[in-house]
Number of protein chains: 2
Amino acid sequence: MAVTIRDVAKASGVHVSTVSRTFSAPHLVNAETRTRVLAIAEGLGYRPNRAARALTTGRTHNLGLIVADIANPFFPPLIKAAQAQARERDYHVFVADTDEDPLMEQELIETLSKQVDGVLLCSPRLSNRMIEKLRAEVPFVVVNRRVKGLTTVLMDVGQGARAAIGHLVSLGHRRIALLTGPDGSWTSEEMRTAAASAAGDFDVELSVLGPNEPTEQGGIAAADKVAGSTAVLCYNDLVALGLIEGLTDRGLKVPDDVSVVGVDDSLPGRLNKPKLTTITMPTAAAGRMAVDLLLAAVGAGESGTPTLARLETSLVIRESTGAAPA
Amino acid sequence: MAVTIRDVAKASGVHVSTVSRTFSAPHLVNAETRTRVLAIAEGLGYRPNRAARALTTGRTHNLGLIVADIANPFFPPLIKAAQAQARERDYHVFVADTDEDPLMEQELIETLSKQVDGVLLCSPRLSNRMIEKLRAEVPFVVVNRRVKGLTTVLMDVGQGARAAIGHLVSLGHRRIALLTGPDGSWTSEEMRTAAASAAGDFDVELSVLGPNEPTEQGGIAAADKVAGSTAVLCYNDLVALGLIEGLTDRGLKVPDDVSVVGVDDSLPGRLNKPKLTTITMPTAAAGRMAVDLLLAAVGAGESGTPTLARLETSLVIRESTGAAPA
DNA sequence: CTGAAAGCGCTAACAT
DNA sequence: ATGTTAGCGCTTTCAG
């Protein structure tokens, strides 16, 4: 077995509780004793056992981070930021992938709940009802989903979507298509509402097409459906990239024949030819903020008031949008 | 507090140890008692506390996964696969990002070690000496790095690199450049060795240029250095993509003027125009295998023999390579 | 087959 | 300022 608090106590000639205090409440320990204990602990290579500590304190100092698909380029920056922020706060994070499966999501929450102080639900696929039920087991913070009474971090795609429609209209487009995402996606619904309202304001036609798989395949498959529109706003960059590919296969040029806008500002979009016009999602900021809100909620216990953080998005105009064909 | 084993025991009129057995050694419990206890546990919503269990069993059923950079597109598929495989085996996984910092890596290993049964080190930046020292604290499996006496999963880029050189030679290229990766990268060194040997076999010229940053920027920056070669094998897809961009800026066409080969078969490469010819890295398979080897090592304890798994890579010919210019 | 009791590593009153 | 004691939730001998 590894070296325990008891070994340190024995070696320094003090009681275990004194050793415990040197680590968790140093100010309660005589400076001299403290330095000695610290030195001996160091020498022995002692590291407090966080799991054992959790048993008595009720705080595991672990967080759970549940995402639909780790390999979706939208998530890695968020995971990276959340994980870095958590470590800064002396927290470790379990990362789990649900494969877009609500049942898996629930299962994960339940098995993880005892091992973490809170969980970050990113773009959950679970029903709001289920989420509200599960919240009794463990504190949540939800990213990109509106759940009544829960602390939430939202990225305001609506804002970006309005800007995108405005941009397309200014380029002369009058028939615009929207490729929605999976059913149950808050982001998709937000985009739909905002795009519809903006289309109304500008008095242009908006065809809402979906649901589509949030992948390149989904975009390729949608290439047939967008005929008749000169510009397409896509659920995310992957769909946009797939769509461009599908369009190209059909002999259509982007942006000459069709303008395409994505969402996420992901790496593949930035590297694409043509470079993708897209709505940036502040994923890293969202990850950091979600962790801080979660930790605040954990600290506050039941008493905490749910917060709603709304992060701004913006349109980045690159090469996949251009003047509407004559 | 949540419902504990004690609550279940009380409610079912048996001793806690019987409840414990129904979960961890069902065959030792009378079938009738078992079903009753199970039913009551279910009704109460009881979930065993894994942390508490870990305290007595010494098995946390957690794994650590340490990578240099979560946002590097090479890693997400590996993380996803490792995490999925772990869950299949009833393990949860902590994911941590070192930001390419060896000190951070060490710190993470140390704080994580008490909370996990083993850790997966992916493309570690830590020195071999340090790794060998740390292994006393927790079982390791290393991916894409050769460490004496440690179980290792390697992706055989050498094989792919030889195939790439062969492919280029068959297209008529006689002057080929190799853009290496960061110093200390095992993958980069493997590529160098294999490419050099293949170039020798085919009697063509190979210019080894590096080190280069493993990013798009690194590729852009290298565009000046490859003049004189008609084909370039790059450390990874990002470098290749950057190189293509840099070459394009200089008025050179890919593959007409220069052929470019990447490594990773990453999403951005697949979506690029022209689609990138690349060496596939079996990252998902590596993730799964690494988890299984780690779990095997955990089970075997000290007695286990280190294994060396070598996964095959292969060349995927797409659009960024073509006949050498006349 | 089941109960009793000890203990995993640590913290948190409570004493001293 | 430090020691004592009692658990946290669970598993594991050892009896019965």
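Scroll up to find the structure.
Rules and cut-offs
- Residues numbered from 1 in each chain as written.
- Chains lettered and ligands numbered in written order.
- Predicted model: local features only at pLDDT ≥ 70, side-chain atom pairs only at ≥ 80, totals over all residues.
- Heavy atoms only, no water.
- Contact = heavy atoms within 4.5 Å.
- Buried area = accessible area lost by both parts, 1.4 Å probe.
- Salt bridge = Lys/Arg side-chain N within 4 Å of Asp/Glu carboxyl O.
- Polar contact = N/O pair within 3.5 Å; in protein donor to acceptor, adjacent residues only side chain to side chain.
- Helix = DSSP H or I, 4+ residues; strand = E, 2+ residues; numbered from the N terminus.
- Nonpolar A, V, L, I, M, F, W, Y, C, P; charged D, E, K, R; others polar.
- Least-squares fit on C-alpha atoms with pLDDT ≥ 70 in both.
- Near = heavy atom within 4 Å.
- Phe/Tyr/Trp six-rings, centres within 6.5 Å; stacked < 30°, edge-to-face > 60°.
- Buried < 20%, exposed > 50% of the residue type's maximum accessible area, 1.4 Å probe, protein only.
- Axes fitted to C-alpha atoms, helices over the stretch in contact; angles between N-to-C directions.
- Left-handed = near helix turned anticlockwise from the far one by under 90°.
- Expected span 1.5 Å × (residues − 1).
- Pairing = 2+ DSSP bridges.
- Right-handed = clockwise from strand over helix to strand, strands pointing away.
- Parallel < 35°, antiparallel > 145°, perpendicular 65-115°, else oblique.

**Examining the interface of chain B and chain A**
Interface size, as often reported, equals the accessible area lost upon joining of the parts. In this complex, chain B contributes 42 residues to the contact, which on the side of chain A involves 45 residues. Of the roughly 4,300 Å² buried at the junction of chain B and chain A (both faces included), carbon and sulfur atoms supply 60%. For chain B, the biggest contributors to the area lost against chain A are B:Arg47, B:Lys114 and B:Leu271; these three give 17% of the whole. Measuring nitrogen to oxygen at the nearest pair gives 3.6 Å for the salt bridge that ties A:Lys275 to B:Glu245. Where chain B packs against chain A, one counts 21 residue pairs in polar contact (both at pLDDT 80 or more). Among the elements of the structure, α4 (50–57), α5 (75–88), β2 (92–97), α6 (102–113), α11 (237–249) and α12 (267–271) of chain B are those that each provide at least two residues to the side of chain B that touches chain A. Looking at the side of chain B that touches chain A residue by residue, the classes come out as 21 nonpolar, 7 polar and 14 charged.

**Focus on the relation of the copies chain B and chain A**
Expressed as a screw transformation, the operator carrying chain B onto chain A has a rotation angle of 180 degrees and an axial translation of 0.3 Å, and the superposed copies differ by an RMSD of 0.6 Å. Both chain copies can therefore be described as sitting about a two-fold axis. The share of interface residues of chain B whose copies in chain A are also at the interface is 100%, consistent with both copies meeting through the same surface.

**Comments concerning the protein's contact with DNA strand D**
Neighbouring residues of DNA strand D: 29 residues in total, closest A:His15, A:Arg21, A:Thr33, B:Ile5 and B:Arg53. The side chain of B:Tyr46 places a nitrogen or oxygen atom 2.8 Å from a phosphate oxygen of DNA strand D. In the model, a sugar or linking oxygen of DNA strand D is placed 2.9 Å from a nitrogen or oxygen of the B:Thr56 side chain. Of all elements in the fold, only α2 (16–24) and α4 (50–57) of chain A together with α1 (5–12), α2 (16–24) and α4 of chain B reach the threshold of two or more residues within the surface near DNA strand D. Sorting elements by how many residues they give to the surface near DNA strand D places α4(B) first, with 5 residues. Taken together, the residues that form the surface near DNA strand D break down as 10 nonpolar, 14 polar and 5 charged.

**Regarding the packing of aromatic side chains**
Residues and elements named next belong to chain A. A full pass over the atoms with the stated rule returns 5 aromatic pairs over all chains. Between Phe23 and Tyr46, the ring centres sit 5.3 Å apart and the planes meet at 65 degrees, which makes this aromatic pair edge-to-face. Remark: Tyr46 occurs in the loop between α3 (31–44) and α4 and Phe23 occurs in helix α2; sequence separation between them is 23 residues. Overall, Phe23 belongs to the partly exposed group, its relative accessible area being 29%. Taking the relative accessible area as the measure of exposure, Tyr46 reaches 13% and is therefore buried. Plain terms: the ring middles of Phe74 and Phe75 are 5.0 Å apart, the flat faces sit at 75 degrees to each other, and that makes the pair edge-to-face. The same class applies to Phe74 and to Phe75, which are both buried.

**Points about the packing of helix α8 (residues 157–170) of chain B against helix α9 (residues 186–202) of chain B**
Residue and element names in this part refer to chain B. Viewed as axis vectors pointing N to C, α8 and α9 meet at an angle of 40 degrees, and their least axial separation amounts to 8 Å. Classified by chirality, the crossing of α9 by α8 is right-handed. Touching Val157, Gly158, Ala161, Arg162, Ile165, Gly166 and Val169 of α8 are Thr187, Glu190, Met191, Ala194, Ala195, Ala198, Ala199 and Phe202, all from α9. Across the contact of α8 with α9, the residue classes tally to 10 nonpolar, 3 polar and 2 charged.

**With respect to the side chain of A:Thr283**
Residues and elements named next belong to chain A. With respect to the helices and strands, Thr283 occurs in helix α13 (residues 283–300). The exposure class of Thr283 is buried, given its relative accessible area of 9%. Beyond its immediate sequence surroundings of up to four residues, Thr283 is in contact with Phe74, Pro77, Leu78 and Met155.

**Observations concerning α8(B)**
Residue and element names in this part refer to chain B. Across its 14 residues, α8 extends 20 Å between first and last C-alpha, which sits within 8% of the 20 Å expected from 1.5 Å per residue. The buried fraction of α8 amounts to 10 of the 14 residues, a majority that puts the element mostly inside the structure. All of the buried residues along α8 are Val157, Gly158, Gly160, Ala161, Ala164, Ile165, Gly166, His167, Leu168 and Val169.

**Considering the protein's contact with DNA strand C**
In the region of DNA strand C, 28 residues are neighbours, and A:Ile5, A:Arg53, B:Arg21, B:Thr33 and B:Thr56 sit closest. Taking all atoms of DNA strand C within 4 Å of the protein, the share assigned to sugar and phosphate is 67%. Note that a base nitrogen of DNA strand C is positioned 3.2 Å from one of the backbone N or O atoms of A:Ala52. Separating a sugar or linking oxygen of DNA strand C from a side-chain N or O atom of A:Thr56 is a distance of 2.7 Å. Every element with two or more residues in the surface near DNA strand C is listed here: α1 (5–12), α2 and α4 of chain A together with α2 and α4 of chain B. Of all the elements, α4(A) adds the most residues to the surface near DNA strand C, at 5 residues. The residue inventory of the surface near DNA strand C, partitioned by class, reads 10 nonpolar, 13 polar and 5 charged.

**Notes on the pairing of strand β2 (residues 92–97) of chain A**
In the case of a regular strand, side chains alternate between the two sheet surfaces. Residues and elements named next belong to chain A. Along β2, 6 of the 6 residues are buried, which leaves the element largely enclosed by surrounding structure. Where burial is concerned, the two faces of β2 agree: the one with His92, Phe94 and Ala96 and the one with Val93, Val95 and Asp97 are both buried. Pairing between strand β1 (residues 62–67) and β2: 6 bridges, direction parallel. Directly across from Leu65, in β2, lies its bridge partner Val95. In this fold, β1 hands off to helix α5 (residues 75–88), which returns the chain to β2; that crossover is right-handed.

**Here's the deal with the sheet that holds strand β10 (residues 277–280) of chain B**
Residue and element names in this part refer to chain B. Taken together, the 6 strands give an open sheet; going across it, the order is β7-β6-β8-β9-β10-β12, and neighbouring strands pair in mixed fashion. Edge positions in the open sheet fall to β7 (205–209) and β12 (314–316), since each of these has one partner strand only. On average, each strand axis in the sheet is inclined to that of its neighbour by 20 degrees, with strand direction left out of account. The strands touched by α9 are β6 (175–179), β7, β8 (231–234) and β9 (259–264); relative to β7, the strand with the most contacts, the crossing angle is about 160 degrees. Of the strands in this sheet, β6, β8, β9 and β10 touch α11, which is tilted by about 155 degrees from β9.

**Side note on the packing of α1(A) against α2(A)**
All names here are of chain A. The contact between α1 and α2 brings their axes to 8 Å, and the two run at 110 degrees. The angle between α1 and α2 places the two elements in the roughly perpendicular class. Together, Ile5, Arg6, Val8 and Ala9 of α1 and Val16, Val19 and Ser20 of α2 make up the contact between the two elements. For the contact of α1 with α2, a count of residues per class yields 5 nonpolar, 1 polar and 1 charged.

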